[in-house]
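Next come the chains, spelled out residue by residue.
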Amino acid sequence: MKSIGKKAVKIFKIKNRCGYAAICDNHLTEGRSAAQAFDRMTKALRRKVKRTK
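Described below are features of the structure shown in this document. (Residues numbered from 1 in each chain as written. Predicted model: local features only at pLDDT ≥ 70, side-chain atom pairs only at ≥ 80, totals over all residues. Heavy atoms only, no water.)

### Side note on the pattern of salt bridges
Part 1 of the reasoning: According to the stated counting rule, one finds two salt bridges in the structure shown.
Part 2 of the reasoning: Note that Asp25 and Lys7 form a salt bridge whose closest N and O atoms lie 3.1 Å from each other. Here Asp25, found in the loop between β3 (20-24) and β4 (27-31), pairs with Lys7, found in strand β2 (residues 7-13); they are 18 residues apart in sequence, far enough to count as distant.
Part 3 of the reasoning: By relative accessible area, which is 34% here, Asp25 ends up partly exposed.
Part 4 of the reasoning: Residue Lys7 is classed as partly exposed on the basis of its relative accessible area of 39%. (Salt bridge = Lys/Arg side-chain N within 4 Å of Asp/Glu carboxyl O. Helix = DSSP H or I, 4+ residues; strand = E, 2+ residues; numbered from the N terminus. Buried < 20%, exposed > 50% of the residue type's maximum accessible area, 1.4 Å probe, protein only.)

And the structure:
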């Protein structure tokens, strides 16, 4: 498990699809590789903080 700040990010292989997914703080992102899914998760969490201010 990786982490972004104090939040844990779970990355796993998606069954019946080619790619990986990342789950963190009620967000789900997908990518072709584990690194891409993680990068998309960091962007999604950044967007959430911007929107709530």
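### Things to note about unusual backbone geometry
Part 1 of the reasoning: The residue Asn16 is not glycine, and still its phi comes out positive at about 65°.
Part 2 of the reasoning: You will see that Asp25, though not glycine, has its phi angle at about 55°, which is positive.

### Thoughts on the packing of aromatic side chains
Part 1 of the reasoning: In total, this model carries zero aromatic pairs according to the counting rule given.
Part 2 of the reasoning: Across from the ring centre of Phe38, 4.8 Å away, lies the NZ or CZ of Lys2, which sits over that ring. (Phe/Tyr/Trp six-rings, centres within 6.5 Å; stacked < 30°, edge-to-face > 60°. Lys NZ or Arg CZ within 6 Å of the ring centre and 35° of its normal.)

### Some thoughts on the nonpolar core
Part 1 of the reasoning: Val9, Ala22, Cys24, Ala37, Phe38, Met41 and Leu45 form the largest nonpolar core, which has seven residues in total.
Part 2 of the reasoning: Elements that contribute at least two residues to this core include exactly β3 and α1 (34-52).
Part 3 of the reasoning: Take this core: its biggest share by element is four residues, from α1.
Part 4 of the reasoning: Leaving out residues up to four positions away in the same chain, Leu45 has contacts with Ile4, Cys24, Asp25 and His27. (Core = buried A, V, L, I, M, F, W, Y, C linked by side-chain atoms within 4.5 Å. Contact = heavy atoms within 4.5 Å.)

### Things to note about the environment of Tyr20
Part 1 of the reasoning: Checked against the element boundaries, Tyr20 lands in strand β3.
Part 2 of the reasoning: Along the sequence, Tyr20 and Gly31 sit eleven residues apart, while their C-alpha atoms lie 5.4 Å from each other.
Part 3 of the reasoning: The contact partners of Tyr20, leaving out residues within four places of it in the chain, are Ile11, Phe12, Lys13, Ile14, Thr29, Glu30, Gly31, Arg32, Ser33, Ala34 and Ala37.

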